Amino acid sequence: MVSLVPMKIASVFLRLFYVAWVTVMLIWISLDGLNWFDAEKKDDKSVISFNLHPLMMSLGVLVLMSEAVISYRVYEAVHGFSHMSAKRIHSGLQLSAMIFMAVGVTIVFKNH
């Protein structure tokens, strides 16, 4: 029988890292002085603030994608979810990550 203690420790560490990273991103965006959801004027067109790009990409790639990668193993072994439930959680996290990344890339194209 494989010990689940290292997996539990890694899972907690990873989630603490998520919280720390998103907190740093939000502080960094707040210090820039732009309101997150205000439109900037650029060539007589309103575009979404570029500050959302790093936040969306960080949430998509770092948080949601990382969680999706470990979801099968951790959710089944540590949290006791069935294989089908872990598969659905994995799919939902992957889809959410793709949506966040698509919004992040769209923001880049709207601003450049």
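Just so we're clear, the structure is a prediction, and the values are computed from it rather than from any experiment. (Residues numbered from 1 in each chain as written. Predicted model: local features only at pLDDT ≥ 70, side-chain atom pairs only at ≥ 80, totals over all residues. Heavy atoms only, no water.)

1. Regarding the overall build of the protein
When you go through the protein residue by residue, the secondary structure sums to three helices and two strands. Mapped from its N terminus to its C terminus, the protein presents α and β elements in the order α-β-β-α-α. Put simply, the protein has 112 residues, and 28% of those count as buried. Counted over contacts in the protein with a minimum sequence separation of 6, partners at least 24 positions apart contribute 64%. (Helix = DSSP H or I, 4+ residues; strand = E, 2+ residues; numbered from the N terminus. Buried < 20%, exposed > 50% of the residue type's maximum accessible area, 1.4 Å probe, protein only. Contact = heavy atoms within 4.5 Å.)

2. Regarding the pattern of salt bridges
Scanning the model with the defined rule gives one salt bridge in all. Of the charged contacts, one joins Arg15 and Glu67 as a salt bridge, the two residues approaching to 2.5 Å between their closest N and O atoms. Separated by 52 residues along the polypeptide, Arg15 in helix α1 (residues 5-31) and Glu67 in helix α2 (residues 52-77) bring together distant segments of the chain. What makes Arg15 partly exposed here is its relative accessible area of 24%. (Salt bridge = Lys/Arg side-chain N within 4 Å of Asp/Glu carboxyl O.)

3. Some remarks on the packing of aromatic side chains
Summed over all chains, the structure comprises two aromatic pairs. Ring centres 6.4 Å apart and planes at 25 degrees place the aromatic pair Phe17 and Trp21 in the stacked group. Of this pair, Phe17 and Trp21 both sit in helix α1, four residues apart, roughly one helical turn. Given the relative accessible area of 33%, Trp21 is considered partly exposed. Between Tyr75 and Phe81, the aromatic rings sit 5.7 Å apart at their centres with planes inclined by 35 degrees, giving tilted as the arrangement. Judged by relative accessible area, which is 37%, Phe81 ranks as partly exposed. (Phe/Tyr/Trp six-rings, centres within 6.5 Å; stacked < 30°, edge-to-face > 60°.)

4. Digging into α2
Think of an α-helix as turning once every 3.6 residues; residues three or four places apart then point the same way. For α2, spanning 26 residues, the distance from its first C-alpha to its last is 35 Å, which sits close to the expected 38 Å at 1.5 Å a residue. Roughly 60 degrees is the biggest bend found in α2, and it falls at Ser71. (Expected span 1.5 Å × (residues − 1). Bend = angle between axes of the 7 residues up to and from the residue.)

5. Details of the nonpolar core
Nonpolar side chains in soluble globular proteins generally cluster together in the buried interior. In this structure, Tyr18, Met25, Ile29, Leu52, Leu55, Met56, Leu59, Val63 and Ile107 together form the largest nonpolar core, which totals nine residues. At the level of elements, α1 and α2 are the ones that each hand at least two residues to this core. A total of five residues in this core trace back to one element, the largest contributor, which is α2. Discounting chain neighbours no more than four positions away, the residues touching Leu55 are Met25, Leu26 and Ile29. One finds Leu64, Ala68, Leu93 and Ala97 within the second-largest nonpolar core, a separate group that totals five residues. (Core = buried A, V, L, I, M, F, W, Y, C linked by side-chain atoms within 4.5 Å.)

By themselves, these observations are geometric and do not establish any function.
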